[in-house]
Amino acid sequence: MKIMHSQFYHKTLGVFLISCLSIMYVSCSGPKEFVSYAIPDTVFELEGPLYEGSNTVQVAYSIDVESILEPFGSKDAKAIKRVTLKTAQFKGDFDLSEHITSLVFNLAAENVDMMQIAVLNPLPDGTTEVQLTPSSEAKLVDFFHQKDVFLVLDVNLKHDMEESLLLHGNFEFEVGVSN
Amino acid sequence: MKFGISFLMVLFTAFVFGQTGDEILGVWEPSNGKARVKIEKIGTKYFGKIVWLKEPEDPETNKPKVDKNNPDPAMQSVPLKGYRMLKDFTYKGKNEWTEGTIYDPENGNTYSCTINMKDPNTLDIRGYIGISAFGRTDVWKRLEAPKK
């Protein structure tokens, strides 16, 4: 009787452990495929007069989640499991270092806390185009579940400026999908 | 005398009930006077970034201070001047902004935070971990825009 009880106990424990491991595997399984998602030629206009120090410009943007998920036959944004910023490039039609000391790029959304995702400080001399260094730890998947986000650029100016300043941003994200 | 009291009551009522949340916008100074923080709005939320530092240069490097305590090494070159230390506050009414965080660049820690506007020129900024009861409140004063 005692042996039967022990066997039953071990069997039940075994089933329980296998169930737990299965649930953990399903819930923790990462993305199966990775695709690239680009936000090309986004215009950031800082309207003058501008003052020395940090100036912020924000652009509302809707992430095209459908185009990301279409190849996977899914419509549920939750199928997006991981997002990282691969490149953040800014261009101007002037020597950026003449006016700008640093650039910090952020993402913001209604239901997600704002996140710094790339920086360049200081800017190299004599260039009209710069690549920011992406954050190595920023987890951006929640922004891609939101659809509507704000691209927020902090521009640190060397000096006051009367005229407006125009920058073009190009961004590329790596999106991990699991359906 | 009666008129004076009535007038004050009208002013108080207007202050309490005429709020939209944007009253917090502007430049503020913490009690230690080491920095000035500009509160601005992005979307429907409120954020505050450092626009002035009493000691802008790091004495070790003689260069402008950066966020050297950021746990993300890639972001340790973000300049402190311009750093967004108040993030993601929503206006809850009754002169209270909640659900935000405050970042202490001196130790790299982020705390939960609530903001209470005591009067149009005074903010109680309460930073805490976990429960609001276990926290610290700092009083910030509004800086008047220079008259031209």
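Residues numbered from 1 in each chain as written. Chains lettered and ligands numbered in written order. Predicted model: local features only at pLDDT ≥ 70, side-chain atom pairs only at ≥ 80, totals over all residues. Heavy atoms only, no water.

Enquirer: Quick question: what am I supposed to make of the interface of chain B and chain A here?
Expert: How big an interface is tends to be stated in terms of accessible area lost as the parts join. With 24 residues of chain B at the contact, the number on the chain A side is 30 residues. Interface area for chain B against chain A, summed over the two sides, is near 2,000 Å², with a carbon-plus-sulfur share of 46%. Counting the surface chain B buries against chain A, the share from its top three residues, B:Ile42, B:Met75 and B:Arg84, is 24%. Summed over the shared surface of chain B and chain A, the number is two salt bridges. Across the salt bridge formed by B:Arg84 and A:Asp154, the nearest N and O atoms sit 2.6 Å from each other. Elements with a contribution of two residues or more to the side of chain B that touches chain A: strand E2 (35-42), strand E3 (45-53) and strand E6 (84-93) of chain B. (Contact = heavy atoms within 4.5 Å. Buried area = accessible area lost by both parts, 1.4 Å probe. Salt bridge = Lys/Arg side-chain N within 4 Å of Asp/Glu carboxyl O. Helix = DSSP H or I, 4+ residues; strand = E, 2+ residues; numbered from the N terminus.)

Enquirer: Could you clarify how one ought to interpret the pattern of salt bridges in this entry?
Expert: Here the idea is simple: oppositely charged side chains can pair when their charged atoms come close. A complete count under the given rule lists 11 salt bridges over all chains for this structure. We note a salt bridge from B:Glu29 to B:Arg36, for which the minimum N-O separation is 3.0 Å.

Enquirer: Please explain the nonpolar core as it appears in this structure.
Expert: Note that soluble globular proteins tend to have their nonpolar side chains buried in a common cluster. The biggest cluster of nonpolar side chains holds 50 residues, and the ones touching the most others in it are A:Phe44, A:Leu103, A:Phe105, A:Phe144, A:Leu167, A:Phe171 and A:Phe173. The biggest single contributor to this core is strand E9 (residues 165-177) of chain A, with six residues. Beyond its immediate chain neighbours, meaning those up to four positions away, A:Phe144 contacts A:Tyr37, A:Ile63, A:Val65, A:Ile68, A:Ala77, A:Ile80, A:Val83, A:Phe173 and A:Val175. Within the second largest apolar cluster, 27 residues are counted, among which are A:Val119, B:Leu123, B:Ile125 and B:Trp140. (Core = buried A, V, L, I, M, F, W, Y, C linked by side-chain atoms within 4.5 Å. Buried < 20%, exposed > 50% of the residue type's maximum accessible area, 1.4 Å probe, protein only.)

Enquirer: What am I meant to see in the environment of B:Lys65 here?
Expert: Note that B:Lys65 resides in the loop between strand E5 (63-64) and E6. From its side chain, B:Lys65 meets the backbone oxygen of B:Glu55 in a polar contact 3.0 Å long. (Polar contact = N/O pair within 3.5 Å; in protein donor to acceptor, adjacent residues only side chain to side chain.)

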